[in-house]
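# Summary of the model geometry
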Amino acid sequence: MPNMLKRKSRLGAFPWIFPALFMIFGFVLWPAFEMIRTSFQDVSSSGTTKGWAGLENYKTLLANPDLPNVLIRTFIWVVGIVFFTIIISLPVAQLLNAKYPGRKVVRWAVIIPWAASVVMSSTIWKWILDPYYGVLNKILIDLHLYKEPVDFLANPKQSFVWLMIVAVFVSIPFTSFVILAGLATIPDDIVESSTVDGATAWKGYRFIKFPLIKPALLVAMAINLINIFNAFPIIWVITAGGPGYETDTTTTLGYKISFRDQDIGQSASMASLNLIIILIFIGIFLKVSKSQERNS
């Protein structure tokens, strides 16, 4: 009888979880399965499947001379942006959490870059960096720091740094508000008691506030890790991965292989490789997070 009741309770919960299961299967698992299956097939540029290709698509992809540099650049892109986003967002969250006149206005102003379309933000930054009518060149020339306009996107290394700056700028609002949510959960009496005990503002933040916002911080890092790895509009709008493949990450490289080279099978292989890379990133992140929790 107890077993029958358990079965009925499980069946009764099924209608409630079915929509979520359907979404996961239809929009995550099935596309991932099709992507992996396509990576092992010979597909024409028109989308016609010619037959089984085995590992040929992967061999062709790994033989691409630009792939090693793209992989290194992707690692720098993800780690660098997540790191600087967190470092900047911590004091920004503190500012948003402080009590002062006009705090709501400041919060609305900070959230705008995140609420706006990434394509629109990237387009604005492309205008800002333009060598002829860009605002940045105008300011630098007016301050007599430069005598003539500079093309900030001409040099691949320099343009890649600017792409990372834009990505950090777009990521800061969301990260700051996630950390702000963590700060809001800290009871005021804990902070007040630490002040009474003689703790300075820095010590109070380091030993009391920071440990308590770690869960929110880990959530922000995990979401940023996935979002930044899959970031496409920023790179594509500003440099399109150029010149050549000098500012490409694995995401934009996969797009070029698919739509420029018309190689669907190899593009699916690149997408499968991206899946493996992001799983490795997340695995390392979870392992580091667990080790930090044990040490704390």
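Anything mentioned here points back to the structure above.
Everything in this summary refers to the structure shown in the same document. The shown structure was predicted, so the numbers you read here are calculated from the model rather than taken from an experiment.

Procedures and definitions
Residues numbered from 1 in each chain as written. Predicted model: local features only at pLDDT ≥ 70, side-chain atom pairs only at ≥ 80, totals over all residues. Heavy atoms only, no water. Patch = residues over 30% accessible without salt bridge, like charges linked within 9 Å, V, L, I, M, F, W, Y side chains within 5 Å. Areas by Shrake-Rupley, 256 points an atom, 1.4 Å probe, with all protein chains shown as cover. Salt bridge = Lys/Arg side-chain N within 4 Å of Asp/Glu carboxyl O. Buried < 20%, exposed > 50% of the residue type's maximum accessible area, 1.4 Å probe, protein only. Helix = DSSP H or I, 4+ residues; strand = E, 2+ residues; numbered from the N terminus. Expected span 1.5 Å × (residues − 1). Arc of directions from axis to C-beta. Core = buried A, V, L, I, M, F, W, Y, C linked by side-chain atoms within 4.5 Å. Contact = heavy atoms within 4.5 Å.

## A short note on a nonpolar patch on the surface
Together, F18, F22, M23, I24, F25, F27, V28, L29, W30 and F33 give the surface a local cluster of nonpolar side chains, amounting to about 1,100 Å² of exposed area. The class of I24 is partly exposed, set by a relative accessible area of 44%.

## Concerning the pattern of salt bridges
Evaluated as defined, the whole model comprises four salt bridges. With a shortest N-O distance of 3.9 Å, E56 and K59 are connected by a salt bridge. Separated by three residues within a single helix, E56 and K59 lie in helix α2 (residues 56-62), roughly one turn from each other. Its salt-bridge partner being D248, residue K256 comes within 2.7 Å of it at the nearest N-O pair. Here K256 and D248 have matching classes, each one buried.

## Quick notes on helix α9 (residues 201-212)
Since the α-helix advances by 3.6 residues per turn, residues separated by three or four positions end up pointing in the same direction. Its 12 residues give α9 an end-to-end C-alpha distance of 15 Å, which sits within 8% of 16 Å, the value for a rise of 1.5 Å per residue. Every buried residue of α9 is accounted for by G204, Y205 and K209. Taken around the axis of α9, the buried residues stretch over an arc of 95 degrees, which confines them to a single face. Turned more than 90 degrees away from the buried face of α9 sit W202 and F207, all of them exposed.

## What about helix α10 (residues 214-229)?
For α10, spanning 16 residues, the distance from its first C-alpha to its last is 22 Å, which sits close to the expected 22 Å at 1.5 Å a residue. Buried within α10 we find A216, L217, A220, N224, L225, I228 and F229.

## Remarks on the nonpolar core
Ranked by size, the top nonpolar core spans 48 residues in total, and within it W77 and V78 carry the most contacts. Among the elements of the structure, α3 (67-97), α7 (156-184), α10, α11 (233-238), α12 (250-259) and α13 (264-295) are those that each provide at least two residues to this core. The element that contributes the greatest number of residues to this core is α7, accounting for 12 residues.

## Points about the side chain of T74
Structurally, the position occupied by T74 is in helix α3. Not counting residues within four places of it along the chain, the set of residues in contact with T74 comprises F229, T249 and T250.

## Observations concerning unusual backbone geometry
Residues G242 and P243 are joined by a peptide bond in cis, for which omega reads 0 degrees. A positive phi angle is found at H144, which is not glycine, with a value near 60 degrees. With respect to the secondary-structure elements, H144 resides in the loop between α6 (135-142) and α7. Accessibility expressed as a relative area gives 72% for H144, which makes it exposed. The phi dihedral of Q262 falls on the positive side, at around 55 degrees, and the residue is not glycine. Of note, Q262 is situated in the loop between α12 and α13.

Read these as spatial facts, not as claims about activity.
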